[in-house]
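Structural overview
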Amino acid sequence: MLQSLAGSSCVRLVEQHRSAWCFALLVLGYLLYLVFGAVVFSSVELPYEDLLRQELGKLKQRFLEEHACLSEQQLEQFLMRVLEASNYGVSVLSNASGNWNWDFTSSLFFASTVLSTTGYGHTVPLSDGGKAFCIIYSVIGIPFTLLFLTAVVQRIIVYVTRRPVLYFHIRWGFSKQVVAIIHAIVLGFITVSCFFLIPAAIFSVLEDDWNFLESFYFCFISLSTIGLGDYVPGEGYNQKFRELYKIGITCYLLLGLIAMLVVLETFCELHELKKFRKLFYVKKDKEEDQVNIMEHDQLSFSSISDQAASMKDDQKANEPFVASQSPTSNDSSLNN
């Protein structure tokens, strides 16, 4: 008997605080996922970093042995200056000296990466004025970009998602949930093909040092707005039609970002995902909502009654042929 009561009380406790338990599990799962990613990245990349460090150390030692007139301190000062310039997108290599980072097309590409929060980091402002303008430009431009993308996606999704689903649901009588799931899968496959697979194949041809995996990696990192900056197109030596190529990449990033948002919005409108998201949200108290509604209704009713009374008084005052009678005059008329 006591065990059954304890079990029922535990069940009621869990049901009453179901949203809090789900949120706690969500936080725990997210932290575990972060730790899992750190463990995998560390185990995979740490050996390659160690090999690269050993290789650089050997090259440095060999260079100092072959150039005895150069001290290690002088070499390190030179390398520090070269690395500092490389962080600002300026290279001392002869095959990269012809590419300017701040011509119009490169600046247009940089502006698009700033406003879309991709931020490759291969080119950054050098001057204090450029850094200050970048701050002001981003503060205004990023919300403007979000507003622009939201408006564009809101219009596109009507014709791409909602109307096709309603058409198959009404015209053919299929279940709306089933049609929405199939439509989301098909739309996701088309988006992956048009903005990931096909562009990756094109980039692997146009970029000499990229294979298909690296090109697909660039497409994903760019359209997901991660923007690591380890692969940036159009930066190779003697890139043909570099200006036109940069403009094309800018258009690709904007269109791809819109397509990604349309797909995400399509999946977010699925009934199953809506139910899943509600597990982690705070539920509103119905009694509080009813009290607020009643108070709002009472306030609105009293304000309406007050307005009606005032309007009647105004009408009486404005009537031209009605004379206001005082109580004393009424009493005198009754006495007569």
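Residues numbered from 1 in each chain as written. Predicted model: local features only at pLDDT ≥ 70, side-chain atom pairs only at ≥ 80, totals over all residues. Heavy atoms only, no water.

1. Focus on the overall build of the protein chain
- Counting its regular elements, the protein chain contains eleven helices and zero strands.
- Counting from the amino terminus, the protein chain carries its helices and strands in the arrangement α-α-α-α-α-α-α-α-α-α-α.
- Counting every position in the protein chain, which comprises 336 residues, the buried fraction comes to 22%.
- Once local pairs closer than 6 in sequence are excluded, the contacts in the protein chain between residues at least 24 apart make up 59%.
- Carbon and sulfur atoms make up 67% of the accessible area of the protein chain, which totals about 25,300 Å². (Helix = DSSP H or I, 4+ residues; strand = E, 2+ residues; numbered from the N terminus. Buried < 20%, exposed > 50% of the residue type's maximum accessible area, 1.4 Å probe, protein only. Contact = heavy atoms within 4.5 Å. Areas by Shrake-Rupley, 256 points an atom, 1.4 Å probe, with all protein chains shown as cover.)

2. Looking at the packing of helix 4 (residues 104-115) against helix 8 (residues 242-268)
- One way to put it is that helix 4 packs onto helix 8 with a least axis distance of 9 Å and a crossing angle of 15°. The angle between the axes of helix 4 and helix 8 places the two elements in the roughly parallel class. Between helix 4 and helix 8 the crossing geometry is left-handed. Each of Thr105, Ser106, Leu108, Phe109, Ser112 and Thr113 in helix 4 lies in contact with helix 8, whose residues at this interface are Arg242, Glu243, Lys246, Ile247, Ile249, Thr250 and Leu253.
- Its residues assigned to classes, the contact of helix 4 with helix 8 shows five nonpolar, five polar and three charged. (Axes fitted to C-alpha atoms, helices over the stretch in contact; angles between N-to-C directions. Parallel < 35°, antiparallel > 145°, perpendicular 65-115°, else oblique. Left-handed = near helix turned anticlockwise from the far one by under 90°. Nonpolar A, V, L, I, M, F, W, Y, C, P; charged D, E, K, R; others polar.)

3. Remarks on the packing of aromatic side chains
- Scanning the model with the defined rule gives 14 aromatic pairs in all.
- A centroid spacing of 5.8 Å and a plane angle of 15° characterise the contact between Phe109 and Tyr120, whose relative ring orientation is stacked. One end of the pair, Phe109, is in helix 4; the other, Tyr120, is in the loop between helix 4 and helix 5 (128-171), with eleven residues separating them in the sequence.
- Residue classification places Phe109 among the buried positions, given a relative accessible area of 1%.
- Owing to a relative accessible area of 4%, Tyr120 belongs among the buried residues under this scheme.
- Pairing Phe203 with Tyr252 gives two aromatic rings, centres 6.0 Å apart and planes at 70°, and the pair type is edge-to-face. Here the residue Phe203 occupies a position in helix 6 (residues 176-206), and Tyr252 occupies one in helix 8, the gap between them amounting to 49 residues.
- Classification of Phe203 as buried rests on a relative accessible area of 6%.
- Judged by relative accessible area, Tyr252 falls into the buried class, the value being 12%.
- Each residue in the set Phe109, Tyr120, Phe203, Trp210, Tyr217, Phe218, Tyr231 and Tyr252 is aromatic and connected to the rest through ring pairs, giving one cluster.
- One Lys or Arg, Lys246, reaches over the ring of Phe109 and ends 4.5 Å from the middle of that ring. (Phe/Tyr/Trp six-rings, centres within 6.5 Å; stacked < 30°, edge-to-face > 60°. Lys NZ or Arg CZ within 6 Å of the ring centre and 35° of its normal.)

4. Some remarks on the confidence of the model for the protein chain
- On average, residues of the protein chain carry a pLDDT of 80, and 76% of them reach 70 or more.
- Within the protein chain, helix 7 (residues 212-223) carries the highest mean pLDDT (95), whereas helix 11 (residues 327-335) carries the lowest (40).
- For residues 297-305, every residue scores under 50 in pLDDT, and the model assigns this stretch zero contacts once sequence neighbours within four places are set aside.
- Within the model, the stretch residues 316-336 combines pLDDT values under 50 with one contact to residues more than four positions away or in other chains. (pLDDT = per-residue confidence, 0-100.)

5. Focus on helix 4
- Spanning twelve residues, helix 4 covers 16 Å between terminal C-alpha atoms, matching the ideal 16 Å at 1.5 Å per step.
- Among the twelve residues of helix 4, nine are classified as buried, and the element is accordingly described as predominantly covered.
- Residues Thr105, Ser106, Phe109, Phe110, Ala111, Ser112, Thr113, Val114 and Leu115 constitute the buried set of helix 4.
- Thr117 sits one or two positions beyond helix 4 and adopts a positive phi of about 60°. (Expected span 1.5 Å × (residues − 1).)

6. Here's the deal with unusual backbone geometry
- Its identity is not glycine, yet Thr117 carries a phi of approximately 60°, on the positive side.
- Looking at the secondary structure, you find Thr117 in the loop between helix 4 and helix 5.
- What makes Thr117 partly exposed here is its relative accessible area of 43%.
- Even without a glycine there, the phi angle at Thr225 is positive, about 60°.
- Mapping Thr225 onto the fold places it in the loop between helix 7 and helix 8.
- Judged by its relative accessible area of 26%, Thr225 is partly exposed.

7. Examining the pattern of salt bridges
- Taken as a whole and judged by the stated rule, the model has four salt bridges.
- The residue Lys60 makes a salt bridge to Glu72 at a minimum N-O spacing of 3.2 Å. Within this pair, whereas Lys60 is found in helix 2 (residues 18-66), its partner Glu72 is found in helix 3 (residues 72-87), the two being separated by twelve residues in sequence. (Salt bridge = Lys/Arg side-chain N within 4 Å of Asp/Glu carboxyl O.)

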